[in-house]
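Structure assessment
The primary structure of each chain is shown beneath.
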Amino acid sequence: MKRRKFIGASAAASVGVLACNTSVAQVTKVTPSTKLKHNINHSACYWCYDSIPLEDFLKNLNELDIKAIDLVGPEDWPLLKKYNIHASMCWGAGLGIEKGWNDPTLHDELVADYLQIIPKVAAAGYTNLICFSGNRNGMKDEEGLANCITGLKRIIPLAEKKGVVIQMELLNSKVNHKDYMCDRTEWGVALCKALGSDNFKLLYDIYHMQIMEGDIIRNIQEYHPYFGHYHTGGNPGRNEIDETQELFYPAIMKAILATGFKGHVAQEFVPTWENKIDALKQGVTICDV
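Let me begin by describing the structure that accompanies this report. Every value quoted in this text rests on a predicted model; they were computed, and no experiment measured them.

Take the pairing of strand β1 (residues 41-45) next. For β1, the buried fraction is high: four of the five residues fall into the buried class. Pairing between β1 and strand β8 (residues 264-267): four bridges, direction parallel. Bridge pairing in β8 links His 42 to Val 265. Sheet topology places β1 next to strand β2 (residues 68-72); three bridges connect them, and they run parallel.

Let us now look at the environment of Val 121. Among the secondary structure elements, Val 121 is positioned in helix α5 (residues 107-123). Along the sequence, Val 121 and Met 89 sit 32 residues apart, while their C-alpha atoms lie 9.9 Å from each other. Not counting chain neighbours up to four residues away, the residues in contact with Val 121 comprise Trp 77, Cys 90, Tyr 126, Thr 127, Leu 129 and Val 164.

In this section: the side chain of Ser 197. Mapped onto the secondary structure, Ser 197 falls in the loop between α8 (185-195) and β6 (200-205). Among the residues examined, Ser 197 registers a relative accessible area of 8% and is labelled buried. A polar contact of 2.7 Å, which involves the side chain of Ser 197, links it to the side chain of Glu 160. Setting aside chain neighbours within four positions, we find Ser 197 in contact with Ile 156, Glu 160 and Cys 192.

Right, let's get into the packing of aromatic side chains. Taken as a whole and judged by the stated rule, the model has eight aromatic pairs. Ring geometry for Tyr 230 versus Phe 261: centroids 4.9 Å apart, planes at 90°, classification edge-to-face. A residue pair is termed long-range when its members are at least 10 positions apart, and Tyr 230 in strand β7 (residues 227-231) and Phe 261 in the loop between α11 (249-258) and β8 qualify at 31 residues. Phe 261 sits in the buried class, given a relative accessible area of 14%. Chaining the aromatic ring pairs together yields one cluster made of Tyr 204, Phe 227, Tyr 230 and Phe 261.

Analysis parameters
- Residues numbered from 1 in each chain as written.
- Predicted model: local features only at pLDDT ≥ 70, side-chain atom pairs only at ≥ 80, totals over all residues.
- Heavy atoms only, no water.
- Buried < 20%, exposed > 50% of the residue type's maximum accessible area, 1.4 Å probe, protein only.
- Helix = DSSP H or I, 4+ residues; strand = E, 2+ residues; numbered from the N terminus.
- Pairing = 2+ DSSP bridges.
- Contact = heavy atoms within 4.5 Å.
- Polar contact = N/O pair within 3.5 Å; in protein donor to acceptor, adjacent residues only side chain to side chain.
- Phe/Tyr/Trp six-rings, centres within 6.5 Å; stacked < 30°, edge-to-face > 60°.

Structure representation (C-alpha cells):
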C-alpha cells in the first residue's frame, strides 16, 4: 500500500493545488550540481513528487545532492539501491492513518503485519518504519493511549532485536486529518515514555504541529529525545517553505541541530511551482544551515 494512498482524497482536498498541477513529469536538470553542507541529513517525501517516475526522481535527488527519500516500500528498495539513495522512512505495514494502534480490535492484524515487515526493513539496511495512532471514533485519549501501549508492546521486542525504530507520526486533526488521535506532542511523548524503548519514537511533522500547537522551537528543545524524524511543510497550505508562509525554517533547523539530532529531515511540502524539482531545491537550500 502506498503511504499517501491512505491519505487519499483528504490530502488532495486540503492542499487543492494538486488538481491544478499539470506539469509534465520529466527529469529536471539541475546545473551546476548542488553541494549541500549536510549538517542536516536531507530527505524528500516521494508522494509530493509522484507525478515524476520514481527512477527519474532518484536521478533528481542525486543531482540535488539529497541522499535519502521518505515513504517508500519494499518494492521500491532495489531501485533506491541502484541510485545509492537511502530509505529514511519506510512504509509497508498498517491499515492507514485512520485505522491504527488505538483500536484493540485491529491489534492482531497490525502485529502480524509489522512482524513481517520489520525484518525486511532491517535486512535492507534501513532503520525507520512509520506507524499511526488511528482516529478517535469517540474514544477518549487516555483509553487510546492505553490501547496503543498494549498493541505496540507486542512488536517492540522484534524492533529492538532487529534495530528498527517504529515511528508514530504526529498529524493535525484540525485541517487535514480530522479526529486523528496522535495530534499533540504531549500525548505522543506519554506514549514514548510508557513504552520505554529507544526503538519507538515520534515523527515530528513541523507543519502539522504548527497547526495544532505552534511553539515549534520550544517543543523541539523540550521533547527532542522523543523525536526520531522530522517533516517540513509551509503553513498555511502545506506548500513551499519560503517567505510565502509563517514558519522560519532556518531557525527551526538550527534548533534541531542544537539538540544533536543525527536523523533525517524530509521535505514534505506540496510544490505549487511548475518545476517541482526547483521547488524542492529551494526548500532543501533553505534548510541547509
